[in-house]
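Descriptive structure summary
The residues making up each chain are set out below.
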Amino acid sequence: MSLFCDVALAVPLDMVFTYTIPPGMEPVVGGRVLVPFRQQRMSGIVVEVHDRPPQVKTKKVIEALDLSPVLDEQLLKLGKWIADYYLAPVGEVFRTMLPLAAEFKRAIAYRITDEGRMALHLAGMSGSPARSKRTPEQQLVEFRVLDYLAERESMREESLRGATRVGKALLSGMVRKKWIAREDVSAARDAARLVKVAVLLGAEERAEASPPLDGPQARPHTSTTSTAKKLNENQRTLIDALAAAGGRVPVEALRGLDVPRTTLGTLVRRELVELVDQPQDFTTSKLKPRRSPFEFEFSAAQKDALAKIGAAVTSCKFGGLLLHGITGSGKTAVYLACMREVLKQGRSSILLVPEIGLTPAVAADLHQVFGDEVAILHSGLSDAERAEQWHRIRRGEARVVAGTRSAVFAPVSDLALIIVDEEQDSSYKQEETPRYHARDVAVMRAKMAGAVVVLGSATPSLESYYNAKKNKYALVELPDRVEMRPLPEVEIIDMRQEFQETGQEQVISRKLAEEIRERLEKKEQVMVLLNRRGYSPVVLCRACGKTLQCQNCAVSMTHHKRERKMECHYCGHIAKIPDKCANCGSEYVYFVGTGSEKLEELLHGMFPQARIGRLDRDTVRGREDFEHALNALNEGTLDMLVGTQMIAKGHDIHGVTLVGVVGADMALGLPDFRAAERTFQLLTQVAGRAGRGQSPGKVVLQTYFQDHYAVQFAARHDFAGFYDKELQFRAWMHYPPYSAIANVLIRSEKLDEALQWSGELGRWFEKTRHEGIRVLGPAAAPITRLKRDYRYHFILKSPSREKMNTLLRAMLAEAAARKIPRTQVIVDVDAVWLM
């Protein structure tokens, strides 16, 4: 038996830690152990067991948590590659790969009390919570917390803070005021994923007719006619709804009734209703499945693509393919057909999508074809749900996995195929440590597993298309839409000319308004894209010219009219809407610009009879919200959908015949070498939502940059033309795909420290020989302050990734020698965002 084990812990240190193995304990490589670290206990992954005594005194392993590895040899190797390539601590990489935090941790949850409900009631009457010494901004957050908890039985702290942006100090204050109660939630209860169910008491005949519930038994209740007469109208409504459903209804399902939130609590106190726990079933997707793609005749191009991918899979060797198909060409059908063939062979496949919003539609398609063989992995699931899905995959119960970037780590056995849909999307790049790119990790995992990776897109990244042209990937084309449907006609509206002709700034041009009216008269559906959240993005003082800036970031705060707040979209800071300028005291405060909330309001005013929905991060709090909006559009209960880029990709709505694009060229003004590429991709993708059914589609594209090549090529659906043009600029400036790129960010809450550290590293770069590597900087980052940190950065470019990686490691060693904290030096290899 080995005496020592090396453990990777999730700490920002580029090292593993050696511990003594107690007699009788046998930790396994790839398994988790519980170990002491400083003043706390931490779980980590065993990377090696050995008999080599370290030169320092070691602590003992407290407990071996796994009898078998949770990361097999292949995933351990992949994790080490990520740590090496992206210069990330290996322990933090392994933590990202394992969604198992729910299994042995305890969590804090909060629930609203009767006092809190009273405070919420008073706040609704007066506009702010009951008498409080808090600032108006803090009162606004308290109101939001109470309002959020009033709709739920209880909520875990991390979920509550994420949804309401409340701080721990404010939560503690609300506990002291007895507005909310704090309670421990054990891992066992969380892992069981229980849901609260309302049970109507005194309905014995209903209880006998339905299966028993887990949880407390209903107490006997002697209801009388006089009790029934004392019920008010709201209470009768709720009682009748319970009775009609057989006496049992999940509490969340009762939220749809038009009764106050306090009514259920009143009935519980009167012992007319009881709340019990019941295990909750996992729902893959609530979207109604579309027609099976196998009901359609595959085109010749689809059959050719399927044959090429199938041949690569059958060879049982690594292969990379780029599936370039225009919007509506049937890429999803090819994916499903390939995955079906893989499953017939008894092997596994993974399908990655860039955003949680695309998961419901993909999951519905997969479930229709593969049934219970499907598992879903993404951050929108609770810790317990992710752990449950992970274990299903590991046990071999699910051989088809779909999800966002973290699904690339799914513990499937006998992996044959990885598909990366919308491979160009920047969401595949993680913006926190470890800063990996899921597309590139998918390629490396397939290489290690001897599997096939398929990168699919209508607008591939320049890097992927360049690699395909250089024969690193096989290029497979789908040049036509299914059933030979035409691509939508695109009409460009010059908003400068619109201003000259109308004499005022227009959000919706006359042409777009006319086209929308025509579609509504024909009972057809419309999508309108404005890639900016909120009501107004800038609040400006007309007297002194100052804008309302976030106190934590060097960015303007956004006005959210419906929620009556100002919010920073970077750090989440909330402030009240100003009635005068904070700088000069002037009352001439002006709200500048238009966001998706204001656009929705404008369209309601222009088309009062239209049923209009909005899809952005403000209206989508969870996957249920997204599924509800898409179902409404699919079923025809919405005439128009307004939204940000969430509506631009992947959605197949056959009733949409018109897409309006409002201000999608704003990114062209950003100091980012990928600005033109991002604009072209967004315009092409959103244009592809039109005309996917039997009726032809049209796109009205409003722009202030009508002569820009990104806009012109997007209007002509000409990817090859854009690729050739953009590639010239990339070659001249030595940007990807001609060079690898890395962004080194130095940050500190103290400006002097950020300047000092970036200056020291800048001088080190000047003195150090780095042939073949170009170092730009130090310079202030485009967003100079973010989340309280002042930011300076370097940009490194080199045709040799190996040389650049070596230089970056030397730079990190120099930073450590100069006592610059590792957490304050951010290294982003293959950066996609330089702001």
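Up top is the structure these notes are about.
Report on the accompanying structure. (Residues numbered from 1 in each chain as written. Predicted model: local features only at pLDDT ≥ 70, side-chain atom pairs only at ≥ 80, totals over all residues. Heavy atoms only, no water.)

Let's shift gears to the packing of helix α13 (residues 300-314) against helix α14 (residues 331-344). Where α13 meets α14, the axes come as close as 10 Å, and the angle between the chain directions of the two elements is 35 degrees. Taken as a pair, α13 and α14 cross one another with a handedness that is right-handed. Across the interface between the two elements, Q302, A305, L306, I309 and V313 from α13 touch A333, V334, A337, C338 and V342 from α14. Each residue belonging to the contact of α13 with α14 can be placed in one class, and the counts come to 9 nonpolar, 1 polar and no charged. (Axes fitted to C-alpha atoms, helices over the stretch in contact; angles between N-to-C directions. Helix = DSSP H or I, 4+ residues; strand = E, 2+ residues; numbered from the N terminus. Left-handed = near helix turned anticlockwise from the far one by under 90°. Contact = heavy atoms within 4.5 Å. Nonpolar A, V, L, I, M, F, W, Y, C, P; charged D, E, K, R; others polar.)

With that out of the way, let us pick up the side chain of K331. Along the chain, K331 turns up in helix α14. Reaching out from K331, the side chain makes a polar contact with the backbone oxygen of G325 at a distance of 3.0 Å. Apart from residues lying up to four places away in sequence, K331 is in contact with L323, G325, I326, S457, A458 and L478. (Polar contact = N/O pair within 3.5 Å; in protein donor to acceptor, adjacent residues only side chain to side chain.)

Once that is clear, we can look at the pairing of strand β28 (residues 656-662). Most of β28 sits inside the fold, with 7 of its 7 residues counted as buried. Here 5 bridges tie strand β20 (residues 525-529) to β28, and the two strands are oriented parallel to one another. Each bridged residue has a counterpart across the sheet, and for V528 the counterpart in β28 is G660. As paired elements, β28 and strand β29 (residues 698-703) share 5 bridges and run parallel to each other. Each residue of the ladder has a partner; that of V661, found in β29, is L701. (Buried < 20%, exposed > 50% of the residue type's maximum accessible area, 1.4 Å probe, protein only. Pairing = 2+ DSSP bridges.)

Another aspect to go through is the sheet that holds strand β22 (residues 558-560). The strand order across the open sheet formed by 3 strands is β22-β23-β24, and the pairing between neighbours is antiparallel. Edge strands, defined here as strands with exactly one partner in the open sheet, are β22 and β24 (574-575). Looking at chain direction, β22 and strand β23 (residues 565-567) are connected through 3 bridges and run antiparallel. Paired with T558 across the strands is E567, a residue of β23.

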